[in-house]
Structure formats: structure tokens, C-alpha cells
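# Survey of secondary and tertiary structure
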Amino acid sequence: MKQQHLAFADWLQGRAQHIEAVLDECLPAADALPARLHEAMRYAVLGGGKRIRAALVYAAGQACPVNGSAVAIQASMDRAAAAVELIHAYSLIHDDLPCMDDDTLRRGRPTTHVQFDEATAMLAGDALQPLAFELLADMPIAPALVVQATQALARAAGSLGMAGGQAIDLHSVGQALSRDELQTMHSMKTGAMLACSVALGGIVSGASSSTRQALDDYAQAVGLAFQVVDDILDVTADSASLGKTPGKDAAGNKPTYVSLLGLDDARALAEELRGAAHAALTPLGDAGSTLARLADYIVLRDR
């Protein structure tokens, strides 16, 4: 078990380093005009983060049989993984703005609007969005798969996904949400992009419908588990380990799984969702082992 854990840790670190290099190449040079905007984009994207979304793209692709040119699929996987990281980075820039969560710390350093200014931060986020879709459009796979990938990312990032979840989150401050309402909010705000990351790995690989269904079932469980653990960490972790300001949800009177269920029951729910994620991977056999390790990593990061 220890050897497997070390092997997974090496894989995760390797994927993080790889996508960092891909992102560095995809982003405009810091000195290209307008230089301040490009510098802010690179600041927000590079040099930090666990790259969980990119790892989910790669792990899902790894779980599928190669269906086409291995070189083309790998190049497309890189673009898809970079695209989800760019969308994620844009969302963090905007979430941290004074009109949203008004945070000053992200990934252990000043947030983008603090490091630069609010207008530059907003434009950096705006510019990262189309760049993500440009990368998907450039994937060297079947055009039908490019369309599917583009639609999946657009839905996950839009008003029925991440942006809509953030709107519900802002509207819910100070309100008591039911468990179903809280789950709906988080399945949109956080879960949609995580699920999309898994879906993109299957789409790029040309996975069968049955494999995609297994991946989707896994992604739904993992996406919710991620948010439950995030809520737990907000009350248990310090800023050094969390990389952002802890206690923001409680201070902002936001509904969370901890405020709704209590810490112990929130941890029990995360464990239940980890089991569901593992069960969803049963049809994939050993091919889903890396995805299973990712589910473990996501849930157990608060231990």
C-alpha cells in the first residue's frame, strides 16, 4: 500500500509539473503587449495549485483504451487539461475580487487584484476564458469530439454550472439552505468543472458510452466530495496549509456542509462519497485505479 501511495504521489507531481509546462507554453509571453495584462494572466495561472482538474483529465483519459493516434490524443489531452486549468484560474481571480469574496490570499500569495489592481485582474480573468476555448478548438482529434468537448466546458462554466453556482452562493449568504439546496449549489459551483474535467478525458479518448457513464458517475461523487472537504478545511486548516484565508465561509455567514451537518457528519459524508466514487469505477477494472487514488487524495487531504 505504501509503495502504491508513493507511485501515485509521483504520478500526481509529474502531471502537475507537466501541465505547468503546457500552460507556460500556451499563455502569452509576459512582455507581449499589453504586457501588464499578460503578466497578470501568467501570475494567476502559473506557479501554484494542486492541478486536480488537470489530473482528472489525464486520469480519465488513462482509464480509457486508446482509440486513435496516441500522439494526437496526448496533444489533445494536454490542451483539454490546460483549458480546465485556465477556466479554474479565471474563476479564482473573479471569486477573489472585492465584489465577490473580497479575498487577499490565494495559493499562499497575494490575490491577483491585490498584486496588480482590480481592473487588470478582471481583464485577466476575461482573457483566460477565450484562451481556454481556443485550446479546445486546436485539438487534433475528430471534429465531432472537439464540438463535444467545447460544449461540455461551456456548460460547466456557464449559468447552469460554475457561474450559476457562484450566483446562488452569493445570494445565499446569511440564509439557511436545506441539504438538497446546498448540494445543488455546490454541484454547480464546484462539481460541474470537476465533472467536466473527467468528461473531457473520456471525450478526448473517444471512450464508449458505457465508459463515459462510469466516468460521469465517478465524477458526480468526487465533485461533491471535493466541496465537502473544502468546507471541512475552511474550519480546520491554517492559511499556510490551505493557501488561502481560512474561516472565510463562517465569517461571511455562508452555508456550508459543516454549518449544516456538523464537522463529524461532514467528514462521514465525504467518506461515503469516496466509497461511491470507487464503486462507480468498478466497470473500468484496473484501468480506473488512478482515478480511485485521486478520489482518496481528494477526500483524505484533511487528515
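This text follows the structure it describes.
Read on for a plain summary of the structure. Values in this document were obtained by computation on a predicted structure and should not be read as measured data.

## A look at the overall build of the chain
Scanning the chain for helices and strands turns up 15 helices and two strands. Here the C-alpha radius of gyration of the chain, 18 Å, is about what a compact globule of 303 residues would show, namely 19 Å. Here the C-alpha coordinates of the chain stretch approximately 50 × 50 × 35 Å along the principal axes. Within the chain, the fraction of its 303 residues that count as buried is 50%. Entry remark: accessible area of the chain is about 13,300 Å², with carbon and sulfur atoms responsible for 55%.

## So, the layout of surface pockets
Considered as a void within the structure, the second largest pocket measures approximately 400 Å³ in volume. Around the second largest pocket, the lining comprises 19 residues; the ones closest to its centre are A152, A195, C196, A199 and D216. The leading source of residues in the lining of the second largest pocket is helix α9 (residues 179–205), at nine residues.

## Re unusual backbone geometry
Cis rather than trans, the peptide bond between L33 and P34 has omega equal to -5°. Along the chain, P34 turns up in the loop between α1 (2–26) and α2 (35–45). Located in the positive-phi region is R51, a residue other than glycine, with phi close to 60°. Position of R51 among the secondary structure elements: in the loop between α2 and α3 (52–62). Its identity as a non-glycine residue notwithstanding, R107 has a phi of 55°, on the positive side. In this fold, R107 is placed in the loop between β1 (105–106) and β2 (109–110). The class for R107 is partly exposed, based on a relative accessible area of 24%.

## With respect to the pattern of salt bridges
Taken as a whole and judged by the stated rule, the model has 10 salt bridges. Between E85 and R51 there is a salt bridge, with the nearest N and O atoms lying 3.1 Å from each other. One end of the pair, E85, is in helix α4 (residues 70–96); the other, R51, is in the loop between α2 and α3, and 34 residues separate them in sequence. The exposure classification of E85 matches that of R51, with both residues buried.

## Describing empty space enclosed by the protein
Tallied over the full model, the rule gives one cavity of 30 Å³ or more. In this structure, the largest cavity spans a volume of roughly 130 Å³. Lining the largest cavity are Y43, A44, A89, L92, I93, D96, R106, R107, R109, P110, T111 and T112. Only α2, α4 and β2 provide two or more residues apiece to the lining of the largest cavity. With four residues, the single largest contributor to the lining of the largest cavity is α4.

## Quick notes on the packing of aromatic side chains
Within the structure shown, the criterion is met by three aromatic pairs. Both rings, one in F8 and one in W11, keep their centres 6.0 Å apart while their planes meet at 25°; by these two values the pair is stacked. Of the two residues, F8 and W11 both sit in helix α1, three residues apart, roughly one turn of that helix. A relative accessible area of 8% means that F8 is categorised as buried. Both rings, one in Y43 and one in F116, keep their centres 5.5 Å apart while their planes meet at 75°; by these two values the pair is edge-to-face. Taken as a pair, Y43 in helix α2 and F116 in the loop between α5 (112–115) and α6 (118–137) lie far apart in primary sequence, 73 residues in all. In textbook terms, an aromatic cluster arises when at least three aromatic residues are bridged by ring pairs, as seen for F8, W11 and Y297.

Calculation notes
Residues numbered from 1 in each chain as written. Predicted model: local features only at pLDDT ≥ 70, side-chain atom pairs only at ≥ 80, totals over all residues. Heavy atoms only, no water. Helix = DSSP H or I, 4+ residues; strand = E, 2+ residues; numbered from the N terminus. Rg over C-alpha atoms; globule rule 2.2 N^0.38 Å. Buried < 20%, exposed > 50% of the residue type's maximum accessible area, 1.4 Å probe, protein only. Areas by Shrake-Rupley, 256 points an atom, 1.4 Å probe, with all protein chains shown as cover. 1 Å grid on protein atoms, 1.4 Å probe; cavity = no way out; pocket = protein on both sides within 12 Å on 5 of 7 lines; lining within 4 Å. Points joined across faces, edges and corners; volume = space filled by probe spheres on them. Salt bridge = Lys/Arg side-chain N within 4 Å of Asp/Glu carboxyl O. Phe/Tyr/Trp six-rings, centres within 6.5 Å; stacked < 30°, edge-to-face > 60°.

Geometry only, nothing functional implied.
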